[in-house]
Structures are given as C-alpha cells and as structure tokens.
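# Topology and contacts: notes
Chain residues, written in single-letter form:
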Amino acid sequence: MTVELILLGRVSYRGREVVGPRQCGLLALLAGDLPAGCGTGRLVDGLWPDGRPGHPAKALQVVVSRTRAQVGAGIVVRTAGGYRLGVPAPALDTSAVLLHAAAAAGAARAGDHRGALAAAEAGLALWAGAEPADPGGTDPLTVLRAAREPTRQALLAARALALSRLGRHAEAVGPLTELARQRPRDETVLLELLRSEAATAGAAAALDRYETYRETLRDELGTDPGQALRDTHRRLLLDAAPAARRGVPHDPNPLLGREQDIAAVTALLATARVTSVVGTGGLGKTRLAYAVGRDAPFPVVHLVPLAGVGSDADVAREVAASLGAGTAGDRRAAEAGIVDALGGGPALLVLDNCEHVVRGVAELVRALVSATRDLRVLTTSRAPLGLLSESVYPLPELPLDTSVELFRQRARAARPGADLPDAAVRQLCAQLDGLPLAVELAAARVRVLSVAQIAHGLDDRFALLRGGAGTRRRGTGRCTPSSTGAGTCSSRPPAPRCGPCRSFRAGSPPPRPGTSSAAATWWRCSPSSPTSRC
C-alpha cells in the first residue's frame with residue numbers, strides 16, 4: 001500500500017502539504033495512538049501545553065475543521081470520546097516504518113537476508129528528506145519523530161547486517177563500523193563487522209579488532225567473547241595463514257567459455273556440503289575442477305584423482321594416501337586418517353573422475369561430511385553420488401562461438417600458418433556437439449589435414465556410447481584403441497573403450513550420415529593415423 005500521510009518529513013497528505021503547527025500537531029497526536037485515537041482532553045493538553053484556551057472544546061473543533069479542510073473530512077474521524085485518524089497503518093509513514101522494521105527482523109530470523117534488506121531499505125526510504133529528530137522538542141510532531149528514531153536505528157542495523165550476510169562487504173563495512181561504535185557490546189554486529197572487514201581490509205585488520213574487543217571485555221567484565229565470535233576468530237586465523245593448494249595443477253593453456261560455470265560451482269560450494277559436477281566424457285569436468293580448486297575461497301584445497309582406482313573398496317585408502325594419512329588399516333581407519341589430515345578448519349576436498357567408483361566415493365563422502373563441520377567436497381563424475389548433502393551441477397556443452405575460438409587457438413598452436421576459413425571451422429565445430437576434448441582432438445589434425453578434410457572425416461563417425469562405468473581415460477590420459485566402424489578394421493577384437501573416443505562394438509555398422517554425434521572418427525582412434533592420440 002502506498003504511503004499517503006507523511007509526518008516524518010514535510011507533513012503532507014497525498015502530496016499536498018499540510019500547513020499550521022496545530023494542524024500538524026493534531027495529526028501527530030492521532031498518529032501516535034493509531035488506530036484507537038485520542039480523547040479530547042489529551043488532544044487539548046497536547047496542542048496547548050502552555051495553558052488551555054478559554055473554550056477548549058471549541059478551540060479543538062476549530063483545529064479539526066481547519067485540518068479537515070486540508071486533508072479531507074474522512075482523515076480526522078470523530079469518536080465517542082475524541083478523534084482518530086481514518087487512514088490504515090501502511091498508508092501512514094510513522095506506522096509503516098514499524099511494519100517494515102518488524103518485517104526485516106522476521107526475515108532475518110528466517111534466514112531470508114534479501115527479504116530483510118528489502119524491508120529495511122523500504123523503511124529507511126520513508127525518512128528520505130526528513131530532518132534529524134530533535135530529542136529536546138516538546139511539540140507533538142517533534143515528539144512523534146523522536147519516538148520513531150529507535151526504529152530508524154533498527155532499520156539501519158538490519159540493513160547493515162543483511163548486506164554483510166549477503167556478501168556485500170564493501171557496502172556493509174562503513175555502517176557496521178558506526179553501528180559497532182554505538183553498540184560496543186553487540187557481538188552480532190561485531191561478528192558481521194569482522195567478516196566484512198576481513199573481506200575488504202584483510203584478515204589481519206579483523207584480527208586486530210577482535211583482540212581489542214577481547215582485551216576490553218576481559219579488563220571490564222572479566223569474561224571472554226561468545227562462542228560464535230570465537231568461531232569467527234578461529235576462521236580468521238585460518239584465513240590469515242597462507243593458502244595451501246595440494247595436488248591442484250595449473251592449466252597448460254587458457255580455459256575458454258567456463259567463467260559462468262566456475263562462478264556457479266563456487267557459489268554452490270558456499271551453500272552445499274557436497275557439490276558434484278556431472279556430464280559426459282570430454283566436457284572438461286576435470287579442467288573445471290582445477291579452476292575452481294585454485295581460486296576457491298578455502299585456505300586448504302586437496303585434489304585427489306581417482307581415475308586409477310580399481311574398486312570401491314580402494315577409494316578411502318587412495319584418498320588417505322594422497323593426503324599423507326597412510327594406507328594401513330581398514331576403511332574406517334582410512335576415514336579417520338583423512339579427517340585428521342584435513343584438519344578442523346574450512347577445507348575443500350576435490351575428488352576427480354568418480355564415475356567408476358561412485359559407491360565407494362559416496363560412502364567416503366558421507367562419512368567425511370558427518371565427521372567434519374567445515375569441510376566441502378567437490379566431485380566430478382558422469383553420475384551424481386545420490387547423497388542428501390549433495391548439490392548437482394550438470395556441466396553444459398560449450399557454445400558454438402566458444403568451440404570455434406577453442407578450435408582456432410589449438411589449431412594455431414599446432415600449426416601457426418594453418419588456413420582456417422571461418423565458414424569451414426564453424427561447420428566443423430557444429431558437428432562436435434560442444435565437447436572441448438573433441439574440438440581439441442580435431443584441431444590437432446590441422447598439422448596434417450585441412451579443415452575441409454577433417455570435416456569430411458567426421459562424415460564417417462561412430463555413435464556416442466552414453467554413460468557406463470569403466471569408460472574413463474586412465475593413466476597418462478591417452479585413449480585405448482577401439483574397434484572401428486570404417487570397415488577395414490571391423491574384424492579387430494574389441495578393446496576397452498574410452499570417454500572421448502567411444503565406438504561401436506566390433507562388427508557394428510557405422511551410423512547413418514547426418515546422425516548428430518561428437519564421437520571419434522576413424523582417423524581419431526586408428527592406431528595407423530599419423531596424428532592419433534590413442
């Protein structure tokens with residue numbers, strides 16, 4: 001509902017200014033007792049504090065009449081013992097601010113920080129253009145405005161806290177600093193100030209503020225900060241320590257077209273204990289995990305590749321060995337060693353290539369999540385783990401424009417002077433289904449083939465083998481030769497099939513021309529190809 005009667009700023013009704021000190025005083029007195037209103041005796045005392053007029057009732061009627069002439073007869077309503085305002089609370093600014101303050105507090109308790117921020121800002125907007133309250137004033141309007149000043153302070157506090165909790169620390173640190181000065185013992189305010197200060201000025205500045213508060217508290221009250229503040233202090237100490245990245249390699253070349261995916265996965269890590277990046281082979285899940293792990297807001301990140309793990313029972317021991325926790329003992333001993341190695345602070349554990357040992361990974365992650373409070377787990381797989389604590393991020397294919405740029409970069413690296421016609425490159429990349437690995441493999445053929453020849457080779461391609469365990473690249477990441485559908489090699493015995501170079505089983509006919517697929521072609525997997533990576 002739109003606010004119609006304004007008393008906090010220039011007194012007006014529906015944009016029309018109300019003039020006259022007693023008319024404004026009458027509206028203020030009635031607004032202070034909404035919706036019941038005031039008796040005539042109280043109104044007379046409030047409008048004539050220095051002494052009653054000779055005919056109080058008649059003098060009050062004159063003020064009422066003049067007020068109605070400016071705002072309308074329906075705004076000042078006669079009651080059995082006096083008068084009341086005929087406007088609902090949301091349409092009166094002095095009442096609307098109370099409603100906004102209550103809404104902001106309720107949203108904050110429910111964890112809806114966006115709602116709390118919206119309610120707080122809506123309430124503060126009603127003070128736009130208002131003069132500061134005069135605590136020494138005695139006229140009804142000044143008294144009413146002073147009575148609403150605590151509500152304004154509550155809205156300012158709600159806004160500052162909501163900004164910090166939403167991660168808008170640069171906007172929050174100033175208001176929180178002023179709020180902490182006004183409320184030196186409010187640990188909720190101090191906690192958010194420490195977080196915002198650490199995000200803007202560094203952990204060292206926040207630690208100095210905490211130490212000052214802790215020493216003051218001990219000197220004056222002989223006590224220590226509360227548990228929530230001590231937990232924040234412990235996290236700040238971890239943040240101040242140098243970041244550790246164990247097992248996270250640097251990219252050999254730029255990662256194209258994944259900025260939004262990196263941001264989305266990083267955001268999930270802030271809210272979910274377990275995040276799984278899922279998608280078909282060749283999409284770049286591993287490269288994405290590397291990028292997230294390098295820049296994740298965690299002091300410690302461990303990355304453990306699981307491509308070489310042979311069974312579910314070996315998962316915990318492999319992770320324990322990678323973290324330096326040893327391999328002796330059973331699965332429970334390995335899990336306990338992993339928890340000790342991760343430490344008690346915030347940490348990110350990245351488990352790469354989980355699809356062939358999903359059950360073992362799920363059991364391990366479930367145990368780690370139960371045994372730790374601040375650990376986050378990021379997995380890459382073709383299938384999710386199926387845990388209640390898991391958020392799944394399906395990794396999309398690359399857009400065509402990004403695929404074209406990726407092809408050009410890799411092709412120029414393979415053969416700097418290669419001819420790369422725009423139309424031919426775009427047509428070729430359109431056939432590769434947005435799979436980065438397929439684009440890179442095709443670009444590598446530019447050393448010996450033209451773009452048109454590579455595209456022609458794609459006309460005789462294999463169908464994608466969707467899903468299935470045991471189809472990951474292993475060891476050095478090179479593909480294992482597969483039986484082909486080109487006719488000349490169809491009699492070869494089938495070999496293990498890999499993700500990006502999936503093929504039919506031996507003797508299977510090739511797909512019909514025009515079938516949409518990014519499968520490996522005869523020149524991709526043929527061991528006799530001069531550029532074969534298999």
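Calculation rules
Residues numbered from 1 in each chain as written. Predicted model: local features only at pLDDT ≥ 70, side-chain atom pairs only at ≥ 80, totals over all residues. Heavy atoms only, no water. Helix = DSSP H or I, 4+ residues; strand = E, 2+ residues; numbered from the N terminus. Buried < 20%, exposed > 50% of the residue type's maximum accessible area, 1.4 Å probe, protein only. Contact = heavy atoms within 4.5 Å. Areas by Shrake-Rupley, 256 points an atom, 1.4 Å probe, with all protein chains shown as cover. Salt bridge = Lys/Arg side-chain N within 4 Å of Asp/Glu carboxyl O. Pairing = 2+ DSSP bridges. Core = buried A, V, L, I, M, F, W, Y, C linked by side-chain atoms within 4.5 Å. Axes fitted to C-alpha atoms, helices over the stretch in contact; angles between N-to-C directions. Parallel < 35°, antiparallel > 145°, perpendicular 65-115°, else oblique. Left-handed = near helix turned anticlockwise from the far one by under 90°. Nonpolar A, V, L, I, M, F, W, Y, C, P; charged D, E, K, R; others polar. Polar contact = N/O pair within 3.5 Å; in protein donor to acceptor, adjacent residues only side chain to side chain. Phe/Tyr/Trp six-rings, centres within 6.5 Å; stacked < 30°, edge-to-face > 60°. Lys NZ or Arg CZ within 6 Å of the ring centre and 35° of its normal. Expected span 1.5 Å × (residues − 1).

### Observations regarding the overall build of the protein chain
Along its length, the protein chain carries 21 helices and 12 strands. Counting all 534 residues of the protein chain, 46% fall into the buried class. Considering only contacts in the protein chain between residues 6 or more positions apart, those separated by 24 or more positions represent 70%. With an accessible surface of roughly 25,000 Å², the protein chain has 53% of that area assigned to carbon and sulfur atoms.

### A few points about the pattern of salt bridges
Taken as a whole and assessed by the stated rule, the structure comprises 26 salt bridges. With its nearest N and O atoms 2.8 Å apart, the salt bridge here joins glutamate 197 to arginine 209. Note that glutamate 197 is positioned in helix 9 (residues 187-201) and arginine 209 in helix 10 (residues 203-221), a separation of 12 residues in sequence. The exposure class of arginine 209 is partly exposed, given its relative accessible area of 28%.

### Some remarks on the pairing of strand 8 (residues 274-278)
Of all 5 residues that make up strand 8, 5 are buried, and the element is covered over most of its length. Burial along strand 8 is two-sided: the face carrying Val274, Ser276 and Val278 and the face carrying Thr275 and Val277 are both buried. Where strand 8 lies against strand 11 (residues 375-381), 5 bridges are found, and the strand directions are parallel. Paired with valine 277 across the strands is threonine 380, a residue of strand 11.

### Here we look at the environment of alanine 320
Following the sequence through the fold, alanine 320 ends up in helix 14 (residues 315-322). In this structure, the C-alpha to C-alpha distance between alanine 320 and glycine 337, residues 17 residues apart in sequence, is 6.5 Å. Leave out the neighbours within four places in its chain, and alanine 320 touches Ala325, Gly326, Ala334 and Ile338.

### Quick word on the nonpolar core
Formed by 40 residues in total, the largest nonpolar core has its most connected members in Leu348, Leu378 and Phe407. Breaking this core down by element, the ones donating at least two residues are helix 12 (259-271), helix 13 (285-295), strand 9 (300-305), strand 10 (347-352), helix 17 (400-414), helix 18 (422-430), helix 19 (436-444) and helix 20 (451-458). The contact partners of leucine 348, leaving out residues within four places of it in the chain, are Leu269, Gly293, Ala296, Phe298, Val300, Val301, His302, Leu375, Arg376, Val377 and Leu378. The next biggest cluster of nonpolar side chains, apart from the first, holds 31 residues, and it includes Ala316, Val357, Leu368 and Leu385.

### A word on the sheet that holds strand 3 (residues 16-17)
As summarised here, the arrangement of the 3 strands in space is 1-2-3, forming an open sheet in which the pairing is antiparallel. Two strands in the sheet have a free side with no partner beyond their single neighbour: strand 1 (5-6) and strand 3.

### A short note on the packing of helix 15 (residues 331-342) against helix 16 (residues 358-371)
Packing of helix 15 against helix 16 brings their axes to within 10 Å, and their N-to-C directions diverge by 50°. Our classification of the angle between helix 15 and helix 16 gives oblique. Handedness of the crossing formed by helix 15 with helix 16: right-handed. Across the interface between the two elements, Arg331, Glu335, Ile338 and Val339 of helix 15 pack against Glu363, Leu364, Ala367, Leu368 and Ala371 of helix 16. Looking at the contact of helix 15 with helix 16, its residues break down into 6 nonpolar, no polar and 3 charged.

### Comments concerning the side chain of serine 276
Looking at the secondary structure, you find serine 276 in strand 8. Exposure remark for serine 276: the relative accessible area of 0% places this residue in the buried category. A distance of 2.5 Å separates polar atoms of two side chains, one belonging to serine 276 and the other to glutamate 390. Non-local contacts of serine 276, meaning those with residues more than four positions away in its chain, are made with Thr379, Leu385, Glu390, Ser391, Val392 and Tyr393.

### Side note on the pairing of strand 9
Within a regular strand, side chains alternate between the sheet's two faces. Burial analysis of strand 9 places 5 of its 6 residues in the buried class, which makes it a mostly covered element. Bridge count for strand 7 (residues 244-246) against strand 9 is 3 bridges, and the pairing is parallel. Of the residues in strand 9, the one forming a bridge with arginine 245 is valine 301. Here 5 bridges tie strand 9 to strand 10, and the two strands are oriented parallel to one another. Each bridged residue has a counterpart across the sheet, and for valine 301 the counterpart in strand 10 is leucine 348.

### Quick notes on the side chain of threonine 151
Among the secondary structure elements, threonine 151 is positioned in helix 7 (residues 149-165). Setting aside residues up to four positions removed in sequence, threonine 151 forms contacts with Val97, Leu98, Ala101 and Trp127.

### What about the packing of aromatic side chains?
The full count for this structure, using the stated rule, is 0 aromatic pairs. In this structure, arginine 78 packs its charged tip against the face of tyrosine 83, placed 4.8 Å from the ring centre.

### Regarding the environment of leucine 179
Here leucine 179 is to be found in helix 8 (residues 169-182). Judged by relative accessible area, leucine 179 falls into the buried class, the value being 4%. Those residues in contact with leucine 179 that lie beyond four places of it in its chain are Ala157 and Val189.

### Describing helix 16
For helix 16, with 14 residues, the first-to-last C-alpha span of 20 Å sits near the 20 Å given by 1.5 Å per residue. By the burial criterion, the buried members of helix 16 are Val358, Gly360, Val361, Ala362, Leu364, Val365, Leu368 and Val369. Tucked into the core, helix 16 has its buried residues touching strand 8, helix 14, helix 15, strand 10 and strand 11.

### Focus: the sheet that holds strand 9
What holds strands together in a sheet is hydrogen bonding between their backbones, with the strands either parallel or antiparallel. Strand order in the open sheet made by the 6 strands is 7-9-10-11-8-12, with parallel pairing throughout. Each of the sheet's edge strands pairs with one partner strand only, and the pair in question is strand 7 and strand 12 (390-394). Neighbouring strand axes in the sheet, compared pairwise and without regard to direction, differ in orientation by 15° on average. The pairing of strand 8 with strand 12 spans 5 bridges and is classified as parallel. Across the sheet, residue serine 276 finds its bridge partner in strand 12, namely valine 392. Strand contacts of helix 13: strand 7, strand 8, strand 9, strand 10 and strand 11, with the helix running at about 160° to strand 11, the strand carrying the most contacts. Each of strand 8, strand 10 and strand 11 is contacted by helix 16, which is oriented at about 170° to strand 11, the strand it contacts most.

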